[in-house]
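The lines below spell out each chain.
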Amino acid sequence: MNTSPSTSPSPSGAEHPDGPPVRLGALVPLTRPGWTEAGRHLLAGLALAVREVNGTGGIDGSPLELLVRDTAADPERAAAAVDELAGLGVAAVAGEYHSVVARAAAARADALGVPFLCSSAVLDALTEEPTEWVARLAPAQSHGWRLYGDFLLGAGRHRIAVVTQPSVYWASGTRILRDHLAPRGGTVVALDANALTPEALCDALVGHGATALLLLVGHPDPAVPIVRAVRGDRRLAEILIGAPAGQPEFAEWAEALGEDGAGIPFLRYLPERLGPLGERVGGQLRARLGEAPSFVAFEGWDTVTVLAAALRAHGTDRAAVAASWPRLAVEGTRGPIRFSRAPGTGVRQWTWAPVQVADRDPAEPGRFRILRTG
C-alpha cells in the first residue's frame, strides 16, 4: 500500500518555509509480513525529524516533504518504490528495517544514482560492490552479533543452538556466531524451524545439551510458540533463550508473552545513557507513539537529521548529496555521526552506533536491563 505524499507540519508558531518542497522518499514496513511495529517506530522518527526541520526553516526556505512507501518486507516492492520515488524527483531515499529488503533498495538506488541512507538494516554486504550512493546508520550485523557472542560466552553459554528459517539474514547471523565462537570454545548447531514443531524442538535441545537457544525466526510466528514451549518444558529450565535480532524491544513482544518474554537478551543500538538531545527527542517520540520509543525510532530521527544536514550544506542535487557522506559531521540522538568505509559493507557507514545487549527484567518486564555494551 502506498501512502499519499505528505509534509509534516511545523510546530505551532514556527516560521513555515514556503519555497518549492524538497522531497525525501521513505521506505518503511507498514503491513505484514513486514515487522509492522518496527515500521511504525521508524516512521515516527522520520516524521518527527521532518517536522523539526520544517520548524527551523526547512531546506533553505523550502519545506521537507516525506513520501512514504510501504515495503511490506518485500524486496521487489522496495525496488519498485525506489523507481517510483526517483521518478517523483526525490533528493534522496531513507529508511527500511528489513536487511534483505534494504539490500534490494540499495541496489536499485545505486543503479539509478539516487542517494539512499539506510536507517536500520544491518546485513554486512548491503551492496555487492562498493558504491558512493548508499550510506547506513545501523551497525553491520557482524559488529553487533560478535558482541552478542561475547555476551553468551561471558554468561557461561558455550553450547549454542539456533532455531532458524531460510533467509540470507538468518544464515549470515548463524555464520557470524559460529565463526566467532568456535575459536573460543563455543559450538553452534542450527535447527530448522520449518521442520520441527515447538515440542520437537525442545526434544532436540535436550538431545544436543544446548545451554542457549537463539531465535533466528520471524515474529510473532514462530517465535512466540517456540518461547512458550521452551518455557513450559521443565527439562529446559536452565536454558538461556536469546533473540539477537531485537524482537523483545517492542511492546507487542511483551503483550504476546508476558513474563515468558522477559529475560531474553537481544541487541539494540542505544547508548547506556542518552544525552540532552536524545532525551528531548525521546520525550517527543514517546508522545507521538504513546509508548517508549525503541532504538528504531531514534534511527528514523537521526536519518532525516543527517539528510537535512547534507541538503542544507551541499544542496539538493543527488550527486552532491551522495558526495557529502564522508564530509558530514552531525549530532545525532545517540552520539556524533560520521561516515567512513567499513570493510565488507560496500557503503559509507557510521562506525559505529552504540550497541547494547539488553533484556526485559523478569521482576518487572516493562523495564529493560543492560547486560553488555560495545
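These numbers come from a predicted model, not from an experiment.

*Asks:* Hey, could you run me through the sheet that holds strand S14 (residues 348-350) in this one?
*Replies:* Strands pair in a sheet through their backbones, by hydrogen bonds, and they do so in one of two ways: parallel or antiparallel. What the seven strands build is an open sheet, ordered S2-S1-S3-S4-S5-S14-S13; its pairing is mixed. Of all the strands in the sheet, just strand S2 (64-70) and strand S13 (339-341) have a single pairing partner and so form its edges. Strand-to-strand twist of the sheet, defined as the mean angle between neighbouring strand axes without regard to direction, takes the value 25°. Pairing analysis gives three bridges linking S13 to S14, with the strands arranged antiparallel.

*Asks:* Teacher, can you tell me more about the packing of aromatic side chains here?
*Replies:* A ring pair, where both rings are aromatic, is described by two values, the distance of the centres and the angle of the planes. Summed over the entire model, instances satisfying the criterion amount to eight aromatic pairs. Summarising the aromatic geometry, the rings of Tyr169 and Trp170 are spaced 5.0 Å apart at their centres and angled 50° between planes, so their arrangement reads as tilted. A relative accessible area of 14% places Tyr169 in the buried class. The interplanar angle of 75° and the centroid separation of 5.9 Å between the aromatic rings of Phe266 and Phe368 together place this pair among those described as edge-to-face.

*Asks:* Where do I start with the confidence of the model for the protein chain in this structure?
*Replies:* Detailed reading of the predicted coordinates is not advisable wherever pLDDT falls low. Looking at the protein chain, pLDDT values average 95 and 96% of them are 70 or higher. Across the protein chain, strand S4 (residues 116-118) holds the top mean pLDDT of 99, while helix H8 (residues 251-257) sits lowest at 95. Note on residues 1-14: pLDDT under 50 across the span, and 32 contacts to partners over four residues away in sequence or across chains.

*Asks:* Even after reading the chapter, I still don't get the pairing of strand S7 (residues 187-192), so can you show me in this structure?
*Replies:* The side chains of a regular strand alternate, residue by residue, between the two faces of the sheet. Sheet analysis places strand S6 (residues 159-164) next to S7, joined by six bridges and oriented parallel. Bridging from a neighbouring strand, Arg159 pairs with Thr187 of S7. Once the chain exits S6 it traverses helix H5 (residues 168-181) before rejoining the sheet at S7, and the crossover so formed is right-handed.

*Asks:* Is there a simple way to think about the side chain of Thr345 in this case?
*Replies:* Among the structural elements, Thr345 can be located in the loop between S13 and S14. Of the residues examined, Thr345 reaches a relative accessible area of 1% and is grouped as buried. Among the polar contacts listed, one links the side chain of Thr345 to the backbone oxygen of Ala342, at a separation of 2.9 Å. Setting aside chain neighbours within four positions, we find Thr345 in contact with Asp124, Ala125, Leu126, Thr127, Arg136 and Ala140.

*Asks:* Is there a simple way to explain the packing of helix H1 (residues 36-55) against helix H10 (residues 295-314) in this structure?
*Replies:* Each pair of packed helices gets described by two things: the angle between the helix axes and the distance between those axes. Across the interface, H1 lies against H10 with an axial gap of 7 Å and an inter-helix angle of 35°. The two elements H1 and H10 cross, and the hand of that crossing is right-handed. Together, Ala38, His41, Leu42, Gly45, Leu46, Leu48, Ala49, Val50, Glu52 and Val53 of H1 and Val296, Ala297, Gly300, Trp301, Thr303, Val304, Thr305, Ala308 and Arg312 of H10 make up the contact between the two elements. Partitioning the contact of H1 with H10 into residue classes produces 12 nonpolar, five polar and two charged.

*Asks:* Is there a simple way to think about the layout of surface pockets in this case?
*Replies:* The gaps of empty space that remain are located by a probe, the size of a water molecule, rolled over the atoms. Estimates place the volume of the largest pocket at around 660 Å³. The wall of the largest pocket is formed by 30 residues, among which Trp35, Tyr97, His98, Tyr169 and Trp170 lie closest to the centre. Elements with a minimum of two residues in the lining of the largest pocket: helix H3 (99-112) and H5. In terms of residues, the lining of the largest pocket owes the most to one element, H3, which gives three residues. Grouping the constituent residues of the lining of the largest pocket by class yields 20 nonpolar, eight polar and two charged. Taken as a whole, the second largest pocket spans an internal volume of roughly 540 Å³. Lining the second largest pocket are 24 residues, with Arg268, Leu270, Ala292, Pro293 and Phe368 sitting closest to its centre. The set of elements that each furnish at least two residues to the lining of the second largest pocket consists of H1, helix H9 (276-289), strand S15 (356-361) and strand S16 (364-373).

*Asks:* I'm lost on the pattern of salt bridges in this one. Help?
*Replies:* Any two side chains of opposite charge can pair, on the condition that their charged atoms come close. Under the definition given, this model contains 16 salt bridges. Residue Arg235 pairs with Asp233 through a salt bridge whose shortest N-O separation is 2.8 Å.

*Asks:* Quick question: what am I supposed to make of unusual backbone geometry here?
*Replies:* A negative phi holds for most residues other than glycine; trans holds for most peptide bonds. For the bond from His219 to Pro220, the omega torsion is 10°, close enough to zero to count as cis. Residue Trp352 is reached from Thr351 by a cis peptide bond, and omega for that bond is -10°. Locating Trp352 in the fold gives a position in the loop between S14 and S15. The phi dihedral of Ala72 is positive, around 50°, even though this residue is not glycine. Looking at the secondary structure, you find Ala72 in the loop between S2 and helix H2 (75-87). Judged by its relative accessible area of 6%, Ala72 is buried. Of note, Glu96 is a non-glycine position whose phi angle comes to about 75°, a positive value. Judged by its relative accessible area of 0%, Glu96 is buried.

*Asks:* Just checking my understanding: could you explain the sheet that holds strand S8 (residues 212-216) for this structure?
*Replies:* On the basis of which strands lie adjacent, the open sheet formed by four strands has the order S7-S6-S8-S9 and parallel pairing. Pairing within the sheet leaves two strands with one partner each, and these edge strands are S7 and strand S9 (240-242). Strand-to-strand twist of the sheet, defined as the mean angle between neighbouring strand axes without regard to direction, takes the value 25°. Relative to S7, H5 is tilted by about 160°, and along the sheet it contacts S6, S7 and S8. Strands S6, S7 and S8 of the sheet are contacted by helix H6 (residues 198-208), whose axis makes an angle of about 160° with S7.

About the thresholds
- Residues numbered from 1 in each chain as written.
- Predicted model: local features only at pLDDT ≥ 70, side-chain atom pairs only at ≥ 80, totals over all residues.
- Heavy atoms only, no water.
- Pairing = 2+ DSSP bridges.
- Helix = DSSP H or I, 4+ residues; strand = E, 2+ residues; numbered from the N terminus.
- Axes fitted to C-alpha atoms, helices over the stretch in contact; angles between N-to-C directions.
- Phe/Tyr/Trp six-rings, centres within 6.5 Å; stacked < 30°, edge-to-face > 60°.
- Buried < 20%, exposed > 50% of the residue type's maximum accessible area, 1.4 Å probe, protein only.
- pLDDT = per-residue confidence, 0-100.
- Contact = heavy atoms within 4.5 Å.
- Right-handed = clockwise from strand over helix to strand, strands pointing away.
- Polar contact = N/O pair within 3.5 Å; in protein donor to acceptor, adjacent residues only side chain to side chain.
- Left-handed = near helix turned anticlockwise from the far one by under 90°.
- Nonpolar A, V, L, I, M, F, W, Y, C, P; charged D, E, K, R; others polar.
- 1 Å grid on protein atoms, 1.4 Å probe; cavity = no way out; pocket = protein on both sides within 12 Å on 5 of 7 lines; lining within 4 Å.
- Points joined across faces, edges and corners; volume = space filled by probe spheres on them.
- Salt bridge = Lys/Arg side-chain N within 4 Å of Asp/Glu carboxyl O.

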